[in-house]
Amino acid sequence: MEIPPLIQIGSVLSADEMRRYSRHLALPDISKIGQERLKKSKVLCIGAGGLGSPVLMYLAAAGVGTLGVVDFDVVDETNLQRQIIHGQNDVGKSKAHSARASILEINPFINVVVHDVELSTLNAIEILSQYDLIIDGSDNFATRYLVNDAAVLLGKPCIWGSIYRFDGQASVFWADYGPCYRCLHPQPAVNVANCAEAGVLGVLCASIGAIQATEAIKIITGVGSPLIGTLMIYNALEMSFEKIHINKDPLCVLCGENPTQFGLLDDYASFCATAIDNELSVFELRELLERSQDYLLVDVREPYEFDMMHIPGSMLMPLGGFLDGSALAAVPKDKEIILYCKVGIRSATALDILKAAGHSRVRHVSGGIVAWLENIDPHLGAH
Ligand SMILES: [Zn+2]
(Lines give C-alpha, C1' and ligand atoms only; values in the text may rest on other atoms or scores of the structure.)
Protein backbone atom coordinates (compact mmCIF):
# COMPACT_ATOMS: atom_id res chain seq x y z
CA MET A 1 0.00 0.00 0.00
CA GLU A 2 1.42 3.35 -0.99
CA ILE A 3 0.27 6.42 0.88
CA PRO A 4 0.92 10.13 0.38
CA PRO A 5 3.74 11.74 2.39
CA LEU A 6 2.73 12.53 5.98
CA ILE A 7 4.50 15.87 5.64
CA GLN A 8 3.45 17.65 2.47
CA ILE A 9 5.55 20.79 2.56
CA GLY A 10 8.92 20.62 4.26
CA SER A 11 11.29 23.16 5.82
CA VAL A 12 14.08 24.82 3.84
CA LEU A 13 17.53 23.31 4.40
CA SER A 14 20.58 25.46 5.23
CA ALA A 15 23.87 25.02 3.35
CA ASP A 16 25.27 23.11 6.35
CA GLU A 17 22.27 20.80 6.34
CA MET A 18 22.54 20.23 2.59
CA ARG A 19 26.13 19.07 3.14
CA ARG A 20 25.30 16.91 6.16
CA TYR A 21 22.44 15.08 4.42
CA SER A 22 24.13 14.78 1.01
CA ARG A 23 23.77 10.96 0.94
CA HIS A 24 20.02 11.34 1.39
CA LEU A 25 19.86 14.10 -1.21
CA ALA A 26 21.59 11.72 -3.62
CA LEU A 27 18.78 9.18 -3.20
CA PRO A 28 16.25 9.80 -5.98
CA ASP A 29 13.26 8.80 -3.80
CA ILE A 30 14.29 11.01 -0.87
CA SER A 31 16.20 13.88 -2.49
CA LYS A 32 15.93 17.48 -1.28
CA ILE A 33 12.14 17.45 -0.99
CA GLY A 34 12.19 14.33 1.20
CA GLN A 35 14.93 15.76 3.42
CA GLU A 36 12.92 18.96 3.83
CA ARG A 37 9.93 16.86 4.89
CA LEU A 38 12.09 15.10 7.48
CA LYS A 39 13.25 18.48 8.80
CA LYS A 40 9.66 19.67 9.16
CA SER A 41 8.48 16.48 10.88
CA LYS A 42 7.88 15.99 14.59
CA VAL A 43 8.28 12.46 15.88
CA LEU A 44 7.52 11.28 19.41
CA CYS A 45 9.29 8.22 20.76
CA ILE A 46 7.68 6.52 23.73
CA GLY A 47 10.56 5.19 25.80
CA ALA A 48 14.29 5.81 25.54
CA GLY A 49 15.13 2.18 26.23
CA GLY A 50 16.00 -0.80 24.04
CA LEU A 51 13.90 0.16 21.02
CA GLY A 52 13.96 3.91 21.66
CA SER A 53 17.77 3.98 21.57
CA PRO A 54 18.29 2.98 17.92
CA VAL A 55 15.07 4.71 16.84
CA LEU A 56 16.11 8.05 18.33
CA MET A 57 19.73 7.82 17.21
CA TYR A 58 18.90 6.98 13.59
CA LEU A 59 16.05 9.48 13.31
CA ALA A 60 18.36 12.13 14.78
CA ALA A 61 21.06 11.28 12.26
CA ALA A 62 18.45 11.24 9.47
CA GLY A 63 17.49 14.83 10.25
CA VAL A 64 13.99 14.51 11.73
CA GLY A 65 13.56 18.14 12.80
CA THR A 66 11.86 17.61 16.15
CA LEU A 67 12.25 14.52 18.31
CA GLY A 68 10.20 14.10 21.47
CA VAL A 69 11.32 11.64 24.12
CA VAL A 70 8.93 10.31 26.76
CA ASP A 71 10.60 8.47 29.63
CA PHE A 72 10.48 8.96 33.39
CA ASP A 73 12.93 6.19 34.24
CA VAL A 74 16.59 6.55 35.18
CA VAL A 75 19.48 4.72 33.54
CA ASP A 76 20.40 1.49 35.32
CA GLU A 77 23.58 -0.50 34.77
CA THR A 78 21.57 -3.46 33.44
CA ASN A 79 20.15 -1.22 30.69
CA LEU A 80 23.55 -0.68 29.05
CA GLN A 81 23.58 -4.18 27.46
CA ARG A 82 21.05 -2.92 24.88
CA GLN A 83 20.08 0.73 25.47
CA ILE A 84 22.96 2.17 23.49
CA ILE A 85 21.82 5.78 23.60
CA HIS A 86 23.07 5.81 27.23
CA GLY A 87 26.64 5.33 28.46
CA GLN A 88 28.43 4.40 31.66
CA ASN A 89 28.42 8.00 32.91
CA ASP A 90 24.64 8.20 32.50
CA VAL A 91 23.89 5.57 35.15
CA GLY A 92 21.54 7.11 37.70
CA LYS A 93 20.53 9.97 35.37
CA SER A 94 17.17 10.59 33.71
CA LYS A 95 16.82 8.50 30.54
CA ALA A 96 15.03 11.28 28.69
CA HIS A 97 17.78 13.82 29.45
CA SER A 98 20.56 11.30 28.75
CA ALA A 99 18.91 10.53 25.39
CA ARG A 100 18.67 14.24 24.60
CA ALA A 101 22.41 14.73 25.19
CA SER A 102 23.27 11.79 22.88
CA ILE A 103 20.88 12.99 20.17
CA LEU A 104 22.39 16.48 20.12
CA GLU A 105 25.87 14.96 19.96
CA ILE A 106 24.77 13.06 16.84
CA ASN A 107 22.98 16.02 15.28
CA PRO A 108 22.97 19.57 16.74
CA PHE A 109 20.62 20.78 13.96
CA ILE A 110 17.48 19.27 15.46
CA ASN A 111 15.17 20.09 18.36
CA VAL A 112 14.78 17.60 21.18
CA VAL A 113 11.81 17.87 23.51
CA VAL A 114 12.11 16.02 26.79
CA HIS A 115 8.96 14.66 28.46
CA ASP A 116 10.40 13.39 31.74
CA VAL A 117 7.01 12.10 32.88
CA GLU A 118 5.10 8.83 33.06
CA LEU A 119 2.71 8.72 30.12
CA SER A 120 -0.83 8.39 31.49
CA THR A 121 -4.47 8.93 30.65
CA LEU A 122 -4.09 12.44 32.05
CA ASN A 123 -1.29 13.59 29.73
CA ALA A 124 -1.20 11.25 26.70
CA ILE A 125 -3.52 13.22 24.40
CA GLU A 126 -1.82 16.51 25.22
CA ILE A 127 1.69 15.10 24.58
CA LEU A 128 0.90 13.00 21.48
CA SER A 129 -1.08 15.80 19.86
CA GLN A 130 2.12 17.87 19.51
CA TYR A 131 3.63 15.35 17.07
CA ASP A 132 3.02 14.07 13.53
CA LEU A 133 3.99 10.48 14.16
CA ILE A 134 4.36 8.24 17.22
CA ILE A 135 6.87 5.47 17.77
CA ASP A 136 6.04 3.00 20.50
CA GLY A 137 9.17 1.70 22.16
CA SER A 138 7.43 0.85 25.42
CA ASP A 139 7.90 -2.44 27.22
CA ASN A 140 4.52 -3.05 28.86
CA PHE A 141 0.95 -3.68 27.81
CA ALA A 142 -0.60 -0.81 29.73
CA THR A 143 1.51 1.76 27.87
CA ARG A 144 0.99 0.00 24.51
CA TYR A 145 -2.80 0.18 24.79
CA LEU A 146 -2.62 3.76 26.05
CA VAL A 147 -0.37 4.83 23.16
CA ASN A 148 -2.49 2.96 20.61
CA ASP A 149 -5.74 4.42 21.88
CA ALA A 150 -4.40 7.97 21.98
CA ALA A 151 -2.90 7.64 18.49
CA VAL A 152 -6.17 6.27 17.04
CA LEU A 153 -8.23 8.99 18.75
CA LEU A 154 -5.87 11.63 17.34
CA GLY A 155 -5.74 9.97 13.88
CA LYS A 156 -1.95 9.66 13.99
CA PRO A 157 0.24 6.80 12.75
CA CYS A 158 1.89 4.70 15.44
CA ILE A 159 4.91 2.54 14.65
CA TRP A 160 4.96 -0.33 17.07
CA GLY A 161 7.71 -2.75 17.97
CA SER A 162 8.23 -5.43 20.57
CA ILE A 163 11.07 -7.69 21.60
CA TYR A 164 11.11 -10.96 23.52
CA ARG A 165 14.19 -13.13 24.03
CA PHE A 166 15.36 -13.76 20.42
CA ASP A 167 12.11 -12.70 18.74
CA GLY A 168 10.91 -9.33 17.58
CA GLN A 169 7.82 -7.91 15.93
CA ALA A 170 6.99 -4.61 14.27
CA SER A 171 4.03 -3.05 12.51
CA VAL A 172 2.51 0.30 11.59
CA PHE A 173 -0.89 0.98 13.14
CA TRP A 174 -2.78 3.79 11.47
CA ALA A 175 -6.54 3.56 11.72
CA ASP A 176 -7.02 5.84 8.67
CA TYR A 177 -5.44 3.17 6.44
CA GLY A 178 -5.49 -0.13 8.33
CA PRO A 179 -5.76 -1.94 11.66
CA CYS A 180 -4.77 -0.64 15.09
CA TYR A 181 -3.05 -2.51 17.90
CA ARG A 182 -6.41 -3.48 19.39
CA CYS A 183 -7.41 -5.07 16.08
CA LEU A 184 -4.40 -7.36 16.46
CA HIS A 185 -4.71 -7.83 20.24
CA PRO A 186 -8.20 -7.01 21.57
CA GLN A 187 -6.93 -8.16 24.98
CA PRO A 188 -3.42 -8.30 26.42
CA ALA A 189 -1.83 -11.72 25.90
CA VAL A 190 -1.17 -13.93 28.91
CA ASN A 191 2.13 -15.26 30.13
CA VAL A 192 4.36 -12.69 28.53
CA ALA A 193 7.14 -11.83 30.92
CA ASN A 194 9.01 -8.55 30.60
CA CYS A 195 12.67 -8.26 29.57
CA ALA A 196 13.86 -8.47 33.17
CA GLU A 197 12.24 -11.86 33.68
CA ALA A 198 12.54 -13.32 30.19
CA GLY A 199 15.87 -11.93 29.07
CA VAL A 200 16.46 -10.31 25.72
CA LEU A 201 19.26 -10.42 23.18
CA GLY A 202 20.57 -6.85 23.24
CA VAL A 203 21.21 -6.51 19.52
CA LEU A 204 17.61 -7.56 18.81
CA CYS A 205 16.67 -3.99 19.77
CA ALA A 206 18.73 -2.70 16.85
CA SER A 207 16.99 -5.02 14.36
CA ILE A 208 13.48 -4.02 15.43
CA GLY A 209 14.32 -0.37 16.21
CA ALA A 210 15.87 -0.01 12.75
CA ILE A 211 12.62 -1.29 11.18
CA GLN A 212 10.65 1.28 13.20
CA ALA A 213 12.99 4.13 12.20
CA THR A 214 12.86 3.02 8.56
CA GLU A 215 9.06 2.99 8.59
CA ALA A 216 9.02 6.48 10.13
CA ILE A 217 11.21 7.88 7.34
CA LYS A 218 9.09 6.15 4.69
CA ILE A 219 5.83 7.50 6.10
CA ILE A 220 7.13 11.06 6.54
CA THR A 221 8.51 11.21 3.00
CA GLY A 222 5.84 9.04 1.33
CA VAL A 223 8.39 6.56 -0.02
CA GLY A 224 7.74 2.83 -0.45
CA SER A 225 5.10 0.64 1.19
CA PRO A 226 4.84 0.94 4.96
CA LEU A 227 3.98 -2.00 7.25
CA ILE A 228 0.32 -0.98 7.42
CA GLY A 229 -1.83 -4.10 7.85
CA THR A 230 1.33 -6.17 8.03
CA LEU A 231 3.02 -7.74 11.02
CA MET A 232 6.76 -8.26 10.60
CA ILE A 233 8.04 -11.18 12.65
CA TYR A 234 11.77 -11.55 13.12
CA ASN A 235 13.60 -14.49 14.67
CA ALA A 236 17.28 -13.85 15.37
CA LEU A 237 18.19 -17.53 15.88
CA GLU A 238 16.78 -18.58 12.52
CA MET A 239 17.64 -15.17 11.02
CA SER A 240 14.16 -15.24 9.51
CA PHE A 241 11.81 -12.41 8.63
CA GLU A 242 8.18 -13.27 8.08
CA LYS A 243 5.40 -10.92 7.03
CA ILE A 244 1.86 -11.70 8.13
CA HIS A 245 -1.16 -9.86 6.79
CA ILE A 246 -3.40 -8.43 9.50
CA ASN A 247 -6.89 -7.10 8.90
CA LYS A 248 -8.76 -4.28 10.50
CA ASP A 249 -11.11 -5.93 13.00
CA PRO A 250 -14.71 -4.88 12.25
CA LEU A 251 -15.46 -5.55 15.95
CA CYS A 252 -12.58 -3.37 17.21
CA VAL A 253 -13.92 -1.23 20.08
CA LEU A 254 -11.81 1.68 18.90
CA CYS A 255 -11.60 1.65 15.09
CA GLY A 256 -14.22 -0.98 14.12
CA GLU A 257 -17.57 -0.53 12.40
CA ASN A 258 -19.46 0.22 15.62
CA PRO A 259 -16.88 1.62 18.01
CA THR A 260 -17.78 1.75 21.70
CA GLN A 261 -14.67 3.48 23.02
CA PHE A 262 -14.45 7.21 22.31
CA GLY A 263 -11.83 8.28 24.82
CA LEU A 264 -8.95 6.90 26.83
CA LEU A 265 -9.61 4.37 29.57
CA ASP A 266 -9.37 5.65 33.15
CA ASP A 267 -6.83 3.05 34.19
CA TYR A 268 -4.76 1.02 31.72
CA ALA A 269 -2.87 -0.89 34.38
CA SER A 270 -6.04 -2.39 35.81
CA PHE A 271 -7.45 -3.02 32.30
CA CYS A 272 -4.41 -5.17 31.55
CA ALA A 273 -4.33 -6.84 34.98
CA THR A 274 -8.03 -7.76 34.80
CA ALA A 275 -7.77 -9.07 31.27
CA ILE A 276 -4.77 -11.21 32.15
CA ASP A 277 -6.44 -12.61 35.29
CA ASN A 278 -9.38 -13.72 33.18
CA GLU A 279 -7.34 -15.59 30.59
CA LEU A 280 -5.46 -18.79 30.39
CA SER A 281 -3.04 -19.80 27.67
CA VAL A 282 -3.44 -22.96 25.59
CA PHE A 283 -0.46 -24.39 27.48
CA GLU A 284 -2.22 -23.82 30.80
CA LEU A 285 -5.37 -25.35 29.31
CA ARG A 286 -3.49 -28.48 28.24
CA GLU A 287 -2.11 -28.85 31.77
CA LEU A 288 -5.55 -28.34 33.26
CA LEU A 289 -7.11 -30.94 30.96
CA GLU A 290 -4.46 -33.47 31.96
CA ARG A 291 -4.58 -32.84 35.71
CA SER A 292 -8.01 -31.73 36.82
CA GLN A 293 -11.66 -32.78 36.54
CA ASP A 294 -12.99 -29.73 38.31
CA TYR A 295 -13.85 -27.62 35.30
CA LEU A 296 -16.25 -27.35 32.41
CA LEU A 297 -14.75 -26.55 29.02
CA VAL A 298 -17.27 -24.62 26.92
CA ASP A 299 -17.05 -23.90 23.20
CA VAL A 300 -19.07 -20.74 22.45
CA ARG A 301 -18.77 -20.95 18.67
CA GLU A 302 -21.55 -22.01 16.29
CA PRO A 303 -22.60 -25.68 15.83
CA TYR A 304 -21.06 -25.94 12.34
CA GLU A 305 -17.71 -24.74 13.70
CA PHE A 306 -17.92 -27.22 16.59
CA ASP A 307 -18.70 -30.05 14.14
CA MET A 308 -15.62 -29.22 12.04
CA MET A 309 -13.33 -29.41 15.05
CA HIS A 310 -13.35 -28.75 18.77
CA ILE A 311 -11.01 -29.18 21.70
CA PRO A 312 -11.59 -32.70 23.12
CA GLY A 313 -13.80 -32.73 26.21
CA SER A 314 -15.56 -29.48 25.40
CA MET A 315 -19.29 -28.91 25.22
CA LEU A 316 -21.05 -26.58 22.81
CA MET A 317 -22.93 -23.53 24.05
CA PRO A 318 -23.06 -20.91 21.28
CA LEU A 319 -22.58 -17.27 22.27
CA GLY A 320 -26.18 -16.45 21.30
CA GLY A 321 -27.41 -18.37 24.36
CA PHE A 322 -25.29 -16.14 26.60
CA LEU A 323 -26.44 -12.98 24.86
CA ASP A 324 -30.17 -13.81 25.25
CA GLY A 325 -29.66 -15.44 28.67
CA SER A 326 -31.09 -18.84 27.64
CA ALA A 327 -27.81 -20.70 28.24
CA LEU A 328 -27.12 -19.32 31.70
CA ALA A 329 -29.20 -21.86 33.65
CA ALA A 330 -27.17 -24.71 32.13
CA VAL A 331 -23.87 -23.35 33.41
CA PRO A 332 -22.91 -24.97 36.72
CA LYS A 333 -21.68 -22.75 39.53
CA ASP A 334 -19.69 -25.43 41.37
CA LYS A 335 -17.04 -25.85 38.66
CA GLU A 336 -14.57 -23.52 37.04
CA ILE A 337 -15.85 -22.55 33.60
CA ILE A 338 -13.29 -22.35 30.80
CA LEU A 339 -14.63 -20.68 27.66
CA TYR A 340 -13.11 -20.68 24.21
CA CYS A 341 -14.02 -19.62 20.69
CA LYS A 342 -12.02 -19.18 17.49
CA VAL A 343 -9.57 -16.49 18.61
CA GLY A 344 -10.82 -15.25 22.00
CA ILE A 345 -13.25 -12.45 21.11
CA ARG A 346 -16.61 -14.24 21.48
CA SER A 347 -15.36 -16.05 24.58
CA ALA A 348 -14.44 -12.68 26.16
CA THR A 349 -18.05 -11.55 25.64
CA ALA A 350 -19.43 -14.75 27.17
CA LEU A 351 -17.01 -14.30 30.08
CA ASP A 352 -18.29 -10.80 30.79
CA ILE A 353 -21.88 -12.08 30.77
CA LEU A 354 -21.11 -14.97 33.14
CA LYS A 355 -19.22 -12.67 35.50
CA ALA A 356 -22.13 -10.26 35.49
CA ALA A 357 -24.45 -13.22 36.27
CA GLY A 358 -22.45 -14.01 39.39
CA HIS A 359 -20.02 -16.69 38.20
CA SER A 360 -16.69 -15.93 39.85
CA ARG A 361 -14.65 -18.86 38.54
CA VAL A 362 -14.62 -18.15 34.80
CA ARG A 363 -11.67 -17.82 32.46
CA HIS A 364 -11.31 -17.93 28.72
CA VAL A 365 -8.63 -19.30 26.42
CA SER A 366 -6.25 -16.71 25.01
CA GLY A 367 -6.12 -17.05 21.22
CA GLY A 368 -8.92 -19.64 21.18
CA ILE A 369 -8.91 -22.81 19.10
CA VAL A 370 -6.57 -21.15 16.60
CA ALA A 371 -3.86 -20.92 19.28
CA TRP A 372 -4.61 -24.54 20.26
CA LEU A 373 -4.08 -25.62 16.63
CA GLU A 374 -0.87 -23.62 16.34
CA ASN A 375 0.70 -24.63 19.64
CA ILE A 376 -0.82 -27.85 20.95
CA ASP A 377 -2.48 -30.00 18.31
CA PRO A 378 -2.02 -29.03 14.64
CA HIS A 379 -3.84 -32.23 13.59
CA LEU A 380 -7.02 -31.48 15.51
CA GLY A 381 -9.03 -30.84 12.35
CA ALA A 382 -7.90 -34.15 10.82
CA HIS A 383 -9.41 -36.32 13.57
ZN1 LIG B 1 -8.63 -1.27 15.84
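Quantities reported herein were computed from a predicted structural model and do not represent experimental measurements.

**Let's talk about unusual backbone geometry**
Comment: phi is negative for the bulk of residues other than glycine, and the bulk of peptide bonds are trans. Its identity as a non-glycine residue notwithstanding, S31 has a phi of 50 degrees, on the positive side. For S31, a count of 14 C-beta atoms within 10 Å corresponds to the partly exposed category. Unlike most non-glycine residues, R165 shows phi in positive territory, near 55 degrees. On the secondary structure map, R165 appears in the loop between β5 (158-164) and β6 (167-173).

**A closer look at helix α10 (residues 204-221)**
Over its 18 residues, α10 extends 26 Å from the first C-alpha to the last, a length consistent with the 26 Å expected when each residue adds 1.5 Å. In terms of burial, α10 is largely enclosed, as 15 of its 18 residues are buried. Note on α10: the residue one or two positions beyond its end, G222, has a positive phi of about 75 degrees.

**Notes on the environment of D139**
Counting through the fold element by element, D139 comes out in the loop between β4 (133-136) and α7 (141-154). Each C-alpha atom, one on D139 and one on I46, is 9.6 Å from the other, the two residues being 93 residues apart in sequence.

**So, the sheet that holds strand β2 (residues 66-70)**
Spatially, the eight strands line up as an open sheet ordered β3-β2-β1-β4-β5-β6-β7-β8, and their pairing is mixed. Looking at strand neighbours, the two that pair on one side only are β3 (111-115) and β8 (240-245), the edges of this open sheet. With direction set aside, neighbouring strand axes in the sheet form an average angle of 15 degrees. Note: β4 against β5, three bridges, orientation parallel. Each bridged residue has a counterpart across the sheet, and for D136 the counterpart in β5 is W160. Its contacts with the sheet place α10 against β1 (42-46), β4, β5, β6 and β7 (230-235), and it is angled at close to 170 degrees to β5.

**Let's talk about the UniProt feature "domain: Rhodanese" (unreviewed entry) in the protein chain**
When the UniProt feature table is mapped to this numbering, "domain: Rhodanese" (unreviewed entry) covers residues 291-381. Structurally, residues 291-381 comprises 34% helix and 18% strand, and the distance from its first C-alpha atom to its last is 24 Å.

**Overview of the nonpolar core**
Core analysis: the largest hydrophobic core is formed by 68 residues, its most contacted members being V43, C45, L56, L59, L67, I134 and A216. Counting residues per element, this core draws most heavily on α10, which supplies ten residues. With near-sequence residues (within four places) excluded, A216 lies in contact with V43, L59, L133, I135 and I159. Judged by nonpolar contacts, the second largest core, of 26 residues, contains V282, I311, L319 and I369.

**Remarks on the sheet that holds strand β12 (residues 336-340)**
Spatial strand order, β9-β13-β12-β10-β11: five strands in an open sheet with parallel pairing. Single-partner strands in this sheet number two, and they are β9 (279-280) and β11 (315-316). Pairing analysis gives two bridges linking β9 to strand β13 (residues 362-365), with the strands arranged parallel. Counterpart to L280 in the pairing with β13 is V365.

Calculation notes
- Residues numbered from 1 in each chain as written.
- Predicted model: local features only at pLDDT ≥ 70, side-chain atom pairs only at ≥ 80, totals over all residues.
- Buried ≥ 20, exposed ≤ 12 C-beta atoms within 10 Å, placed from the backbone.
- Helix = DSSP H or I, 4+ residues; strand = E, 2+ residues; numbered from the N terminus.
- Expected span 1.5 Å × (residues − 1).
- Pairing = 2+ DSSP bridges.
- Axes fitted to C-alpha atoms, helices over the stretch in contact; angles between N-to-C directions.
- Contact = placed C-beta atoms within 7 Å.
- UniProt positions renumbered as here; feature names shortened; annotations may be inferred.
- Core = buried A, V, L, I, M, F, W, Y, C linked by C-beta atoms within 7 Å.

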